[in-house]
Amino acid sequence: MFRSKDLLGIKELTSEEIYHILDTAAGFKDVLRRDIKKVPPLRGKTVANLFFEPSTRTRTSFELAAKRLSADVVNFSVPASSVIKGETLKDTALTIQALGADFVVIRHSSAGVPHFLSRIENISVINAGDGANEHPTQALLDLFTIQSHKGKFRGLTAAIVGDVTHSRVARSDIYALTKLGANVRIICPPTLVPAEIGKLGVEIFDSMEKGLRKVDVIMMLRLQLERQGKGFFPSLEEYFNLYGLTAERLKLAKDDAIVMHPGPMNRGVEIATDVADGPRSVILEQVTNGLAVRMAVLYLLAGVKK
Amino acid sequence: MAYEIIEKNKGVDNLCLVGIQKGGVILAGRLAEQLQSIEDRLIDVGALDITFYRDDLNTKEEQPVVKRTEIPCSINNKTVVLVDDVLFTGRSIRAAMDALIDFGRPAYIQLAVLIDRGHRELPIRPDYVGKNIPTSFNDLIEVSLEEKNGGRDRVVLVTGERG
């Protein structure tokens, strides 16, 4: 069962632990359907949200998850522009410890920062995205969403489409899906194929027409617009023409394939509006499931003896 | 016990049975069958998982496993009979009452248990008891039910086996 006091990445989890989180999240999803959507297990605990990168969705989701569990929440927003040096980060950590937080939810532009913070004793660290490394709770909510539609993972084929190189979501999703026995395809422009991606046990495609054929799950990635103009692809229109998910391309997938996106979406860049709002889209469900999964993670970590 | 419930509540109008996961759910189902055959009408039966309401999340070695909660009817102004297999410290019942009250405001909450083994740590008492079994604090009571273990119905007292 759960051994670590922290959730740093999917890479560190066993498939048994992943299933335990998903089962627990199902219980919390039921709680979220009730009139009274709050339960008491984290009463008296404090969750510190520490976001060194701008984020509204993930931070709000963690905040609400903590509040639904009766914890207190403090939000630290650090200006994205300030360069956080090692020494400063250590001071931040000590400050949080002195404040008596029980959980730290951290997002940082550098990979490995959550691992650094996890050395503090008596505090559970949850990685909410570190650089291009991992974003474990996003992968867990993706798994939960897939499970609720497909009932299983073994034998499923999922295609992850977009800028895989710069995506921590993609990395966590790849670890998660391959651990549970799904086949994973990567569809991305040749300029955006990550180095050494072959080691992760995925198939790589450079066209939607080939890669989407007969897949069960389509996971679109957000095109990080801030990277446009760095020579990875000519223009947004060109990108949409080649790699945008359109109703026409969706027909290549299985009839019951689901369309996912971690948000926020760039409509007309990576995904057509009629697909994003169409019957196969589970994008809003992902948001609700994110709440249940984050409640499960906080709750299970609270039960680990420190 | 079914007759006691009918007698105390003057019938089964307004009654809802709620079993506490896991043994209590099976017993609640059986009690409902009894009540139905005596009174010849359907009785609402629910299942309650109290995991999120426990007070020992941080003190137990094993990790919590969440089971289903299903309350099929509104419990507002109903008489809810909580059903559990063994009544011991009373802490599960405290958690169950907190959980139940998040679903509504029952007129009455009553408690039916198969075994009362004593050693209450809270001011909680059962309304219906299958059997009182005096135990020492460290004894273990194992309730086997056909539906749960696939074996036969039996209650075993193991002396001095509790943690």
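None of the values given here were measured: they were computed from a predicted structure.

## Looking at the pattern of salt bridges
Consideration 1: For the coordinates displayed, the defined rule picks out 24 salt bridges over all chains.
Consideration 2: Between A:D30 and A:R33 there is a salt bridge, and its shortest N-O distance comes to 2.8 Å.
Consideration 3: Exposure remark for A:R33: the relative accessible area of 58% places this residue in the exposed category.
Consideration 4: Note that B:R41 and B:D13 form a salt bridge whose closest N and O atoms lie 2.6 Å from each other. With a gap of 28 residues between them, B:R41 in the loop between α2 (23-39) and β2 (44-48) and B:D13 in the loop between α1 (2-9) and β1 (15-20) connect regions that are remote in the sequence.
Consideration 5: Given the relative accessible area of 37%, B:R41 is considered partly exposed.
Consideration 6: Of the residues examined, B:D13 reaches a relative accessible area of 52% and is grouped as exposed.
Consideration 7: Taken together, the shared-partner salt bridges connect A:D30, A:R33 and B:R68 into one network.

## Observations concerning helix α6 (residues 168-179) of chain A
All names here are of chain A.
Consideration 1: Spanning twelve residues, α6 covers 17 Å between terminal C-alpha atoms, matching the ideal 16 Å at 1.5 Å per step.
Consideration 2: Taken across its twelve residues, α6 has nine buried, putting it largely inside the fold.
Consideration 3: Those residues of α6 that are buried lie in contact with β3 (103-108), β4 (124-130), α5 (136-150), β5 (157-161), β6 (183-187) and β8 (217-220).
Consideration 4: Put simply, S167 is the residue that caps the front of α6, since its side-chain oxygen is 3.3 Å from the backbone nitrogen of V169.
Consideration 5: Once α6 finishes, G181 follows within two positions and takes phi at roughly 90°, a positive value.

## Side note on helix α1 (residues 15-32) of chain A
Consideration 1: The terminal C-alpha atoms of α1(A) lie 25 Å apart, and with 18 residues this matches the ideal 26 Å at 1.5 Å per residue to within 8%.
Consideration 2: Of all the 18 residues making up α1(A), 13 are buried; the element is thus mostly covered by neighbouring parts of the structure.

## Quick look at the side chain of B:T51
Consideration 1: For B:T51, the position within the fold is in the loop between β2 and β3 (79-87).
Consideration 2: With a relative accessible area of 13%, B:T51 lands in the buried category.
Consideration 3: Not counting chain neighbours up to four residues away, the residues in contact with B:T51 comprise A:Y299, B:P64, B:V65 and B:V66.

## As for the sheet that holds β6(A)
All names here are of chain A.
Consideration 1: The five strands are arranged β7-β6-β5-β8-β9 in an open sheet whose pairing can be described as parallel. Looking at strand neighbours, the two that pair on one side only are β7 (203-205) and β9 (258-260), the edges of this open sheet. Each adjacent strand pair in this sheet contributes to an overall mean axis angle of 20°, direction not counted.
Consideration 2: Direction of pairing for β5 relative to β6: parallel, over a ladder of five bridges. Looking at β6, one finds that T157 is bridged to N183.

## Considering the sheet that holds β2(B)
Residue and element names in this part refer to chain B.
Consideration 1: Pairing within the open sheet is parallel, and its five strands lie in the order β2-β1-β3-β4-β5. Sheet topology places β2 and β5 (128-132) at the edges, where each strand pairs with a single neighbour. On average, adjacent strands in this sheet sit at an angle of 25° to one another, irrespective of strand direction.
Consideration 2: The sheet contact formed by strand β4 (residues 108-116) and β5 spans four bridges and is parallel. By the bridge assignment for β5, D116 is matched with N132.
Consideration 3: Strands in contact with α1 are β1, β3, β4 and β5; relative to β5, the strand with the most contacts, it is inclined by about 145°.

What counts, and where the lines are drawn
Residues numbered from 1 in each chain as written. Chains lettered and ligands numbered in written order. Predicted model: local features only at pLDDT ≥ 70, side-chain atom pairs only at ≥ 80, totals over all residues. Heavy atoms only, no water. Salt bridge = Lys/Arg side-chain N within 4 Å of Asp/Glu carboxyl O. Buried < 20%, exposed > 50% of the residue type's maximum accessible area, 1.4 Å probe, protein only. Helix = DSSP H or I, 4+ residues; strand = E, 2+ residues; numbered from the N terminus. Expected span 1.5 Å × (residues − 1). Contact = heavy atoms within 4.5 Å. Polar contact = N/O pair within 3.5 Å; in protein donor to acceptor, adjacent residues only side chain to side chain. Pairing = 2+ DSSP bridges. Axes fitted to C-alpha atoms, helices over the stretch in contact; angles between N-to-C directions.

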